[in-house]
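# An overview of the molecular structure
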Amino acid sequence: MSVTLVAALGLAVAVYSLTVGVLALRSGHDDRLVDGIFHLAFGVGVLAAGLGAFRLRSWAWAAFMTWAVIGLTHQVLRYLFLGDPNYVDMAINTFAVLAMSPLEVQIAFGLRHTQNVHLAQPTRNPLDRD
Amino acid sequence: MSTSHNPPGIPSTATDLELLRAFEPVVRFTKGEQFFPMDVERYVEGCGLWLYHPDDHDQQVIAGGELTTERLVEPRTAAFGSVFYLRFIGPMGIEASARALAGLQRLKRQQKYVFRAGLGRLARGGLVPRLLDALFSATLLLRGRVPKATAAAAVLEYAGMQERENKYVYHGRVARHGGWMICQYWFFFAYNNWRSGFYGVNDHESDWELASVYLYERDDRLVPEWVAFASHDFHGADLRRRWDDPSDLTLDGLHPVVHAGAGSHASYFAPGEYQAEVPLPIPQRVKDALEVLQRFWRRTLGQRGGENPFRVPFIDFARGDGLSVGPGQEREWTPNLIAETTPWVSEYRGLWGLYAQDPISGENAPAGPMYNRDGSPRPSWFDPLGFAGLDRVPPPPLELKMLDADRGTLAARQDELDALVPREAEALQERATRLESMEGNPHLARQHERLAGQVAELAEKVKALRRERSENEAVLESMTRRLERQRAGRREHPRAHIRHAAQPVPPAQMRFSRAAELFAAVSLSLLLIGVAALVIFAPDQALAGVVVLLIALVVGESILRATFVRTVNRVAVILALVATVILVFHFWKPVLLAGLIGLAVFLLLQRIRELRA
């Protein structure tokens, strides 16, 4: 569920970024050319990561985490040293990290292996009790 | 499991010296080693005897050159807190130090000194351990330590001794405990130059190492069964290997092969480079806090790792590509028989080299084979079986007898239980029936209560007896199986006793790519230059710049070390935690409301689903 949300969020960001990029390029202003190319490239990257996350690809997980590290570093430093962070960006990145970090999510992405089951755990079944 | 064959051995009538010579080890050193096992007599004659007083001053008791092993053990008294110690190299002035360092360079050229460490240690540890490594080196300025010139002078002094008399000595002792005969080979080195010579942890004057062979008697022959080496950072059963264990133990005829660590002289079974990690001495409160954080990291956040970051990686080079000493090797041993009756062994409790006053003792010289640094008895001497976790292991011929006798005792108890359990079970049923018959009779309340207690007690007893019988059955079965195996001559796996084995790190794992090693060598300096540049060119953003620089270095190095996924996850989780704190601090009300509403919706959906089902 949380991974689906992150992937959907990624796709939404990709659509937004691609739209901004296309609009910037179509505006015909030279000063918006670089901005448009950046948004288009970023949009394509996030689109690929979002689709990869839906298909549980390990590279997509790494891409989302890298994106989150850059975003969070930026926002935390802005908070600590400039006092004007983008709290929405910070919250989205935090959510993405917390959603993508749990063991079971990493196992699903093929990044980690299942842990051993603790056989000696206490049980409520009288057959298993002393 | 292996099948027994005619084991090697020597006649049980052999004298202690013959026994020691029959199994004396071959020691293979690393190229570049400068100290080899020597006799204590020559060493002592080159030393002075000193006394450290508790009021922090040192007094020379016997001047260098005047000491002998006889004079060393003369009875002496001193105040509590005093330390007697030898000084192989006396106090040195600037001129003598410079002469020693220059002399060492000359000697290395003459000897064609060829040790090459490689950069593996630094690349392996990552940026944080490298920062700590720098800190560890800095602590040496504050702690007591052996000066580098002392190491150089010791090399020259020892080289001079060897030039006068080229001799390689072990101090052999034969002990008899619990049916075992133990040949102990104590190796004495004039100096441990692991730090100054091989990028290791410490330097100290004098060094003792031990290799032991454990034998038992069968058909008038003494048969070797176990070999134990003093591998650093290991203890108990992990120190020993069985004579027929081909995976780890190298034998040259009847001679076990020791691979000695360069400078440290630690003994290893297999040649290679061993990773050693030295934990930094941090206060208990910090350790406790770290423990809580690690638990949170692993259990709550479900992250991997969370190991103690306050450790510095070192490498013990036991390559075995240098001089080899032992029977049939380039150099042969001169044995020196010792026992409790040898005066310098039992009567001198001081240190065998410089007392550097290092509070964590890494740079203080060790005491003799029989004592610890504080003068208390050394377990490897008074309990050679316990030292290698053999105190609970009988020699093979005794084991069969013991197992058979124990099995007989257990079988007899089982017969007893076979009769007892039905009897007690019947008694329990009788009492329980009587108890039931009392129901509905208020005048029997007191008796009912008393009998109910007895019934409960008896029920517990019957349960315990049945459990004992069931458990004994399983134990008997396993004992019978083992007896059958032993009688058929089949033995347990030779490595069944090992929990943690010292294994050399594979070269591929130890040495990363050239780029990673280069990065490891320059990263710390790069970081410091970067910080300096930030302070000069962007003082207002220096702190933020340092954070970005650190993250960039850590993530950049993880790409070179092929640990990108793990590292980026760690950095992301740490940043997310910081961001969470910031968000909760500023938006606690909306966060709380969102949490409550979210929980309410979740519970509502759950209940509706339950109702609809």
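For the structure, check the block above.
These figures come from a predicted structure and were not determined experimentally. (Residues numbered from 1 in each chain as written. Chains lettered and ligands numbered in written order. Predicted model: local features only at pLDDT ≥ 70, side-chain atom pairs only at ≥ 80, totals over all residues.)

### Some thoughts on the overall build of chain A
- If you tally the helices and strands in chain A, you get five helices and zero strands.
- The order of helices and strands in chain A, counted from the N terminus, is α-α-α-α-α.
- Counting only residues that meet the buried cut, chain A has 30% of its 130 residues in that class.
- Sequence separation of 24 or more characterises 56% of the internal contacts of chain A that already satisfy a separation of 6 or more. (Helix = DSSP H or I, 4+ residues; strand = E, 2+ residues; numbered from the N terminus. Buried ≥ 20, exposed ≤ 12 C-beta atoms within 10 Å, placed from the backbone. Contact = placed C-beta atoms within 7 Å.)

### Notes on the interface of chain A and chain B
- Between chain A and chain B, the contact holds 24 residues from the first and 24 residues from the second.
- With twelve residues, helix α3 (residues 58-82) of chain A is the single largest residue contributor to the side of chain A that touches chain B.
- Taken together, the residues of the side of chain A that touches chain B break down into 17 nonpolar, six polar and one charged. (Nonpolar A, V, L, I, M, F, W, Y, C, P; charged D, E, K, R; others polar.)

### Overview of the environment of G32 of chain B
All names here are of chain B.
- Mapped onto the fold, G32 is located in the loop between β3 (26-28) and α2 (40-45).
- For G32, a count of 21 C-beta atoms within 10 Å corresponds to the buried category.
- Note: C-alpha distance between G32 and R407 (375 residues apart in sequence) is 56 Å.
- Apart from the residues lying within four places of it in its own chain, the contact partners of G32 are Y113, V114, F115, A262 and G322.

### Remarks on the nonpolar core
- Counting residues in each nonpolar core, the largest one holds 101 residues, and the members touching the most others are A154, A190 and L215 of chain B.
- Counting residues per element, this core draws most heavily on strand β8 (residues 180-193) of chain B, which supplies eleven residues.
- Contacts of A190 of chain B, omitting those with residues within four sequence positions, involve F35, M38, Y43, F88, A154, Y158 and S206 of chain B.
- Ranked by size, the runner-up nonpolar core spans 31 residues in total, among them V3, M65, A96 and F109 of chain A. (Core = buried A, V, L, I, M, F, W, Y, C linked by C-beta atoms within 7 Å.)

### A word on the packing of α3 of chain A against helix α17 (residues 542-560) of chain B
- The geometry of α3 of chain A relative to α17 of chain B is characterised by a closest axis approach of 10 Å and an angle of 160° between their N-to-C directions. By the angle between their directions, the pair α3 of chain A and α17 of chain B is classed as roughly antiparallel. Crossing of α3 of chain A over α17 of chain B shows right-handed handedness. Across from T73, L77 and F81 of chain A in α3 of chain A, the residues of α17 of chain B making contact are L543, A544, V547, V548 and I551 of chain B.
- Residue composition of the contact of α3 of chain A with α17 of chain B, by class: seven nonpolar, one polar and no charged. (Axes fitted to C-alpha atoms, helices over the stretch in contact; angles between N-to-C directions. Parallel < 35°, antiparallel > 145°, perpendicular 65-115°, else oblique. Left-handed = near helix turned anticlockwise from the far one by under 90°.)

### A look at the sheet that holds strand β6 (residues 83-87) of chain B
All names here are of chain B.
- Pairing in this open sheet of three strands is antiparallel, and the strands run β5-β4-β6 from one edge to the other. The open sheet has two edge strands, β5 (57-62) and β6, and neither has a second partner. For this sheet, the mean inter-axis angle between neighbouring strands, taken without regard to orientation, is 35°.
- Relative to β5, strand β4 (residues 48-53) runs antiparallel, the two being bridged by five bridges. Looking at the pairing, H53 lines up with H57 of β5. (Pairing = 2+ DSSP bridges.)

### Focus on the pairing of strand β7 (residues 169-177) of chain B
Residues and elements named next belong to chain B.
- Pairing of β7 with strand β18 (residues 334-337), which is carried by four bridges, proceeds in the parallel orientation. Counted as the bridge partner of Y170 is P335 from β18.
- Sheet analysis places β7 next to β8, joined by seven bridges and oriented antiparallel. The residue bridging R173 from the neighbouring strand is Q184, located in β8.
- The turn linking β7 back onto β8 is made up of two residues, and G178 within it adopts a positive phi angle of 50°.

### Re the packing of helix α2 (residues 33-54) of chain A against α3 of chain A
Residues and elements named next belong to chain A.
- Orientation of α2 relative to α3, taken along the N-to-C sense of each, is 130°, at an axis distance of 8 Å. Between α2 and α3, the interaxial angle falls into the category oblique. In this structure, α2 crosses over α3, and the sense of that crossing is left-handed. Contacts between α2 and α3 involve A49, G52 and A53 from the first element and W59, A60, A63 and F64 from the second.

### Notes on helix α1 (residues 16-23) of chain B
All names here are of chain B.
- What α1 keeps buried is the set L19, L20, A22 and F23. One side of α1 carries all its buried residues, which in axial view fall inside an arc of 160°. Counted as exposed and oriented over 90 degrees from the buried face of α1: L17 and E18. (Arc of directions from axis to C-beta.)

### Observations regarding unusual backbone geometry
All names here are of chain B.
- Phi is positive for D219, close to 50°, though the residue is something other than glycine.
- Structurally, D219 is set in the loop between β9 (203-218) and β10 (221-229).
- Residue classification places D219 among the exposed positions, given that 8 C-beta atoms sit within 10 Å.
- Non-glycine residue D220 carries a positive phi angle of around 60°.
- Tracing the backbone shows D220 in the loop between β9 and β10.
- Overall, D220 belongs to the exposed group, with 9 C-beta atoms counted inside 10 Å.

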